[in-house]
Amino acid sequence: PMGAKLAVDAYQNGYLTKKQCKALCIATGNFSISFFLNYVFRIIPLDIPHQVLFLCCIYGIPASYGFFMLICYLQFPDPVKKNTAPRFRFDTKIFDAGIYDSFHILLKICGYLIFTSVLVAFLQKIPGKWILTKGILCGLTEATNGINLLGILPYPQFLKPVIAIIFLSFTGLSGVIQVCS
C-alpha cells in the first residue's frame, strides 16, 4: 500500500487537503500487479478471463471510486497553504534527513510485518478443528499469509478467488498498520 502511504505523507506536508488524501488512499492503496501475477495466481490458478475479472474487482472498483472522489474534490478545492521555495544552498543535511527518514520508515514497516507474521503463526498453532476459520483470521491479519493458506486449505475452488479479493481489498491488519505508521 505504498500509494496510500505517499498520499498521507503529501497531506502531512501540506500538499493535499484531507479530502484529497482520502480519495488518493482509496484509489492507490492496492498491491502491485506483479504481486498478483507472480504470487496470487500461482496459489489460486485461474484462467485468463477469471484473472481479468479478479484484477478488475481489485483495481477497478477502488480506483473508480477514488478518482471520482478526487475529481469532485478538485472541482471544489479547499484552500491549501502556499509553500514558498527556500533559497538554494548546497547542504548535505537534506540528504542525511532523507536517508534517515527512509531507513526509519523501512524499519517500522518491517517491524509491523514481523509482528503480524508472528500473530499469524500463533493463530495457526491454536489447537482445534476450526481450520477454515483460522484461515480466514490469518488472511484478515496478514493478506500474503492468508493467500498462501488458501492454496492448501480445503475451501471450494470457486470460493478461493472471492476470499482472496476480500483479503487483498482489506490488505489485512498488517497493511492498515503500515499505512497508519
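A short tour of the structure in this document, coming up. All chains use their own residue numbering, which begins from 1 and follows the written sequence. Only residues with pLDDT of 70 or above have their local features reported here, since the model is predicted, and side-chain atom pairs are shown and tallied only from 80 upward, although totals for entire chains, interfaces and linings are computed over all residues. Values reported for side chains reflect all heavy atoms of the structure, with hydrogen atoms and water molecules removed beforehand.

## Looking at the overall build of the chain
Summing up its helical and strand segments, the chain has nine helices and zero strands in all. The order of helices and strands in the chain, counted from the N terminus, is α-α-α-α-α-α-α-α-α. For the chain, the proportion of its 181 residues judged to be buried stands at 34%. Residues count as neighbours in contact if any of their non-hydrogen atoms are within 4.5 Å of one another. Expressed as a percentage of contacts within the chain between residues at least 6 apart in sequence, the contacts between residues at least 24 apart total 66%. Secondary structure follows DSSP: runs of H or I at least 4 residues long count as helices, runs of E at least 2 residues long count as strands, and numbering of each begins at the N terminus. Only protein chains enter the accessibility calculation, which uses a 1.4 Å probe; a residue whose area is less than 20% of its type maximum is buried, one above 50% is exposed, and one in between is partly exposed.

## With respect to a nonpolar patch on the surface
Patches in this entry comprise residues that are over 30% relatively accessible and not in a salt bridge; like charges within 9 Å are linked, as are nonpolar side chains (Val, Leu, Ile, Met, Phe, Trp, Tyr) within 5 Å. Areas reported here follow the Shrake-Rupley algorithm with a probe of radius 1.4 Å; residue values treat only the protein chains shown as occluding. Salt bridge, as applied in this entry: a Lys or Arg side-chain nitrogen positioned within 4 Å of an Asp or Glu carboxyl oxygen. Together, Phe158, Leu159, Val162 and Ile166 line one region of the surface with nonpolar side chains, adding up to about 390 Å² of accessible area. Among the structural elements, Phe158 can be located in the loop between helix H7 (143–152) and helix H8 (160–170). Residue classification places Phe158 among the exposed residues on the basis of a relative accessible area of 65%.

## A look at the environment of Ile26
Position of Ile26 among the secondary structure elements: in helix H2 (residues 18–28). A relative accessible area of 30% places Ile26 in the partly exposed class. As a C-alpha pair, Ile26 and Ser64 span 38 residues in sequence and 9.3 Å in three-dimensional space. When residues no more than four places from it in sequence are discounted, the contact partners of Ile26 are Pro62, Tyr65, Gly66 and Met69.

## Observations regarding the packing of helix H6 (residues 131–141) against helix H9 (residues 172–180)
Lines fitted to the C-alpha atoms define the axes, with helices restricted to the stretch that makes contact. Angles between their N-to-C directions range from 0 to 180 degrees. For the pair H6 and H9, the least separation of the axes is 3 Å and the interaxial angle reads 15 degrees. Taken together, the axis directions place H6 and H9 in an arrangement best described as roughly parallel. Facing Gly139, Leu140 and Thr141 of H6, the residues of H9 in contact are Gly172, Leu173 and Ser174. Geometric relationships in this document are graded by angle, where less than 35 degrees denotes roughly parallel, more than 145 denotes roughly antiparallel, 65 to 115 denotes roughly perpendicular, and other angles denote oblique.

## A few points about the environment of Tyr65
If you trace the backbone, Tyr65 turns up in helix H4 (residues 48–75). As for Tyr65 and Ala27, which are separated by 38 residues in sequence, their C-alpha atoms are 7.0 Å apart.

## Some details on the packing of H6 against H8
Here H6 crosses H8 at 30 degrees, and the two axes come no closer than 8 Å. Regarding the angle of H6 to H8, the classification is roughly parallel. Contact residues: H6 offers Gly135, Ile136, Gly139 and Leu140, while H8 offers Ile163, Ile166, Phe167 and Phe170. The class makeup of the residues in the contact of H6 with H8 is six nonpolar, two polar and no charged. Note on residue categories: nonpolar means Ala, Val, Leu, Ile, Met, Phe, Trp, Tyr, Cys or Pro, charged means Asp, Glu, Lys or Arg, and polar means any other residue, Gly included.

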